[in-house]
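Coordinate analysis (summary)
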Amino acid sequence: MTTLHTRTTVDPYYRDVPDYMVEVYDWAYVNPRKARLLDRKLVVSTLLFGNDRRLMRAYLDLIRPGDKVWQVAHVYGDLVARAAARVGAAGRFTLTDVTPIQVELAAGKLAGLPQARLERADAAMFRPEQPQDLVCSFFLLHEVPEDKKTAIVANMLAQVAPGGRALFVDYHRPRPWQPIGWLLKWVNRRLEPFAEALWTREISGYAAEAGAFEWSKRTVFGGVYQIVVATRRD
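Residues numbered from 1 in each chain as written. Predicted model: local features only at pLDDT ≥ 70, side-chain atom pairs only at ≥ 80, totals over all residues. Heavy atoms only, no water.

Okay, the pattern of salt bridges next. By the definition in use, this model includes 16 salt bridges. The shortest N-O distance in the salt bridge between Lys109 and Asp39 comes to 2.9 Å. One end of the pair, Lys109, is in helix α7 (residues 100-110); the other, Asp39, is in the loop between α3 (32-38) and α4 (41-47), and 70 residues separate them in sequence. Classification of Asp39 by relative accessible area gives buried; the value is 16%. (Salt bridge = Lys/Arg side-chain N within 4 Å of Asp/Glu carboxyl O. Helix = DSSP H or I, 4+ residues; strand = E, 2+ residues; numbered from the N terminus. Buried < 20%, exposed > 50% of the residue type's maximum accessible area, 1.4 Å probe, protein only.)

Its identity is not glycine, yet Phe49 carries a phi of approximately 55 degrees, on the positive side. Note that Phe49 resides in the loop between α4 and α5 (52-60).

Right, let's get into the pairing of strand β7 (residues 225-232). Of all eight residues in β7, seven are buried; the element is thus mostly enclosed. By the bridge criterion, seven bridges tie strand β5 (residues 160-171) to β7 in an arrangement that is antiparallel. Paired with Leu167 across the bridge in β7 is Val229. Pairing between strand β6 (residues 213-220) and β7: eight bridges, direction antiparallel. By the bridge assignment, Phe213 is partnered in β7 with Arg232. In textbook terms, the turn of a hairpin is the stretch between consecutive antiparallel strands, and for β6 and β7 this stretch comprises four residues, one of which, Phe221, has a positive phi near 60 degrees. (Pairing = 2+ DSSP bridges.)

The nonpolar side chains of a soluble globular protein tend to be buried with one another. Core analysis: the largest hydrophobic core is formed by 40 residues, its most contacted members being Leu55, Tyr59, Phe93, Phe138 and Leu167. Those elements that place two or more of their residues in this core are α5, α6 (79-87), β2 (92-97), α7, β4 (132-138), β5, α9 (180-190) and β7. Apart from the residues within four sequence positions on either side, Leu55 is in contact with Leu48, Phe138, Phe139, Val169, Val220, Tyr225 and Ile227. (Core = buried A, V, L, I, M, F, W, Y, C linked by side-chain atoms within 4.5 Å. Contact = heavy atoms within 4.5 Å.)

For the rest of this paragraph, the subject is the sheet that holds strand β3 (residues 116-120). Read from one edge to the other, the open sheet built from seven strands follows the order β3-β2-β1-β4-β5-β7-β6, with strand pairing classed as mixed. Lying at the two open borders of the sheet, with one neighbouring strand each, are β3 and β6. Taken over all neighbouring pairs, the strand axes of this sheet differ in orientation by 15 degrees on average, direction set aside. In the sheet, strand β1 (residues 68-71) pairs with β4 via three bridges, with the strands oriented parallel. Residue pairing in the sheet places Gln71 in a bridge with Cys136 of β4. Against the sheet, α5 makes contact with β1, β2, β4, β5, β6 and β7, and its axis sits at roughly 160 degrees relative to β4, the strand it touches most. (Axes fitted to C-alpha atoms, helices over the stretch in contact; angles between N-to-C directions.)

Next up, the structure:
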């Protein structure tokens, strides 16, 4: 048994965390000390090359008062609190995450918002109590292996109510003239081994029941990011 796996059975912050998260993303999402340091709006803005507000608006603009919204993973910064506030007192905002420290960080942001529900859960397995008006993956898919991408997309789509939407905001293949593409290639090789799959495969390609939805996609920042909306047909 390796030191890595021994730690997962002893440290509560590592207990029942998927192996790929510990092996690849310990520095970002599992280690509590590092996660607390990274949970800042400035960090999000830097990592997204100043596109954070534009990408967040693509999500927030889809939320209507009274909506039932499930966000499948925590995001650094103030996005979860803003999304929860958008649904209003008549709505329901559900946030899940698979790692204890991310749940802990989110709890502080959602305190005082009675319409918000927080649960530690795997995005590929969680079942909300009711069909959702909007299900959002904000930069999660690039962080999971291929089989997990398929499972997460399938589960997200399965929870969408008739006429409701699933939103995927994530990385995309940069245009040839976009110099950031070369930097991202270097980052992917060293830190993001699952990210580049989204450069070659459409998110709709992970959906077994893609035909039950109408799909739209737009890219921003020279193709670096994609905003994909899947609307369930009535």
